[in-house]
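# Notes for the structure review
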Amino acid sequence: MDGHYVPNLTFGPKMVEDLHRATTLPLDVHLMIERPEIWVDRFVDAGASYVTVHIESTADAGGALARIRERGVRPGITLVPETPLARILPYLLSVDLVLVMSVKPGFGGQPFIESSIDKIRALRAELDTRGLSRVELEVDGGIKAENARRVADAGATVLVAGSAIFLDPAGPHVALAKLKRAASG
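Every value quoted in this text rests on a predicted model; they were computed, and no experiment measured them.

### Brief notes about the overall build of the protein
Of regular secondary structure, the protein possesses 7 helices and 6 strands. Relative to the compact-globule value of 16 Å for 185 residues, the protein shows a C-alpha radius of gyration of 16 Å, a close match. Taken over the C-alpha atoms alone, the protein extends approximately 40 × 40 × 30 Å along its principal axes. The buried share among the 185 residues of the protein stands at 45%. When contacts within the protein are restricted to residue pairs at least 6 apart in sequence, long-range pairs at least 24 apart make up 55% of them. By element, 57% of the accessible surface of the protein is carried by carbon and sulfur atoms, the whole surface being about 9,300 Å².

### Digging into the nonpolar core
In this structure, Ile-77, Val-98, Ile-120, Leu-123, Val-139 and Val-151 are the most contacted members of the largest nonpolar core, which totals 44 residues. In contact with Ile-120, not counting residues within four places along its chain, are Val-100, Leu-137, Val-139, Val-151, Ala-154, Gly-155 and Ala-156. In terms of nonpolar packing, the next biggest core, distinct from the first, is built from 5 residues, Leu-97, Leu-99, Met-101 and Val-103 among them.

### Points about the sheet that holds strand 6 (residues 158-160)
Judged by pairing direction, the sheet is parallel, and its 6 strands sit side by side in the order 1-2-3-4-5-6 without closing on themselves. At either margin of the open sheet sits one strand with a lone partner, and together these are strand 1 (28-31) and strand 6. For this sheet, the mean inter-axis angle between neighbouring strands, taken without regard to orientation, is 25 degrees. Examined bridge by bridge, strand 1 and strand 2 (residues 50-54) share 4 bridges and lie parallel to one another. Each residue of the ladder has a partner; that of His-30, found in strand 2, is Thr-52.

### Quick word on the side chain of His-54
By secondary structure assignment, the location of His-54 is in strand 2. Since its relative accessible area comes to 0%, His-54 is described here as buried. Among the polar contacts listed, one links the side chain of His-54 to the side chain of His-30, at a separation of 2.8 Å.

### Here's the deal with the packing of helix 4 (residues 116-129) against helix 5 (residues 145-154)
Helices that pack against each other are described as a pair by the angle of their axes relative to one another and the distance between those axes. Contact pair helix 4 / helix 5: the axes reach a minimum separation of 8 Å and the direction vectors enclose 30 degrees. Our classification of the angle between helix 4 and helix 5 gives roughly parallel. When helix 4 is examined against helix 5, the residues Ile-117, Ile-120, Arg-121 and Arg-124 are found in contact with a partner set consisting of Arg-150, Val-151 and Ala-154. A class-by-class count of the residues in the contact of helix 4 with helix 5 yields 4 nonpolar, no polar and 3 charged.

### So, the packing of aromatic side chains
How two aromatic rings sit relative to each other is given by the distance of their centres and the angle of their planes. A full pass over the atoms with the stated rule returns 1 aromatic pair. Each ring, one from Trp-39 and one from Phe-43, has its centre 6.3 Å from the other, and the planes form 50 degrees; the classification is tilted. Note on Trp-39: relative accessible area 29%, which makes it partly exposed. Lying over the aromatic face of Trp-39, Arg-42 brings its terminal NZ or CZ to 4.2 Å of the ring centre.

### A word on helix 7 (residues 172-184)
Note: α-helices contain 3.6 residues per turn, so residues at a spacing of three or four share the same orientation. Under the 1.5 Å per step criterion, the end-to-end length of helix 7 is 18 Å for 13 residues, consistent within 8% with the ideal 18 Å. For helix 7, the full list of buried residues reads Ala-175, Leu-179, Ala-182 and Ala-183. Within helix 7, the buried residues cover an arc of 95 degrees as seen down the axis, which keeps them to one side. Within helix 7, the exposed residues directed more than 90 degrees away from the buried face are His-173, Lys-180, Arg-181 and Ser-184. Where helix 7 is buried, its residues meet helix 5, strand 6 and helix 6 (163-166). Of the residues trailing helix 7, Gly-185 is marked for its positive phi of about 85 degrees.

Reading the values: the criteria
Residues numbered from 1 in each chain as written. Predicted model: local features only at pLDDT ≥ 70, side-chain atom pairs only at ≥ 80, totals over all residues. Heavy atoms only, no water. Helix = DSSP H or I, 4+ residues; strand = E, 2+ residues; numbered from the N terminus. Rg over C-alpha atoms; globule rule 2.2 N^0.38 Å. Buried < 20%, exposed > 50% of the residue type's maximum accessible area, 1.4 Å probe, protein only. Contact = heavy atoms within 4.5 Å. Areas by Shrake-Rupley, 256 points an atom, 1.4 Å probe, with all protein chains shown as cover. Core = buried A, V, L, I, M, F, W, Y, C linked by side-chain atoms within 4.5 Å. Pairing = 2+ DSSP bridges. Axes fitted to C-alpha atoms, helices over the stretch in contact; angles between N-to-C directions. Polar contact = N/O pair within 3.5 Å; in protein donor to acceptor, adjacent residues only side chain to side chain. Parallel < 35°, antiparallel > 145°, perpendicular 65-115°, else oblique. Nonpolar A, V, L, I, M, F, W, Y, C, P; charged D, E, K, R; others polar. Phe/Tyr/Trp six-rings, centres within 6.5 Å; stacked < 30°, edge-to-face > 60°. Lys NZ or Arg CZ within 6 Å of the ring centre and 35° of its normal. Expected span 1.5 Å × (residues − 1). Arc of directions from axis to C-beta.

Set out below in structure tokens:
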């Protein structure tokens, strides 16, 4: 987050580099920034496994996605809740991940936007119709044990949870286990 595209400011390539040195887990970098295409190389060099750009924040989504793929990293595309799904459909063949934002990007702890379920279902149907079942359908925002199953049933393959994990009084390990159980039924 750059404090411009979204009002909040968070870590950048240095944090990704430090995490890359500390883990072998894939690093999924969601760029909530203006002009993400000028930052792609820095995040790839830092060790990102996926780099996801917002359709609303770049004038050249196709170029940004192509650059991510050229660098050997898995490209992703996302959109804010107000943006119609049609805006990202032309890019589905160019990505390995599509992210549905289920809150307004920028701050954690927001409630899940219920209309996101319809968007997730429609996107899953579009991916399946095009034979793109390999594309991850990720959902970020307001994910909690109470809605995880509905999100997964709608077609999501990756759930992003922040406050549900880190603010749970039982601790992150218990919260993660609870979320996994809820998502899988």
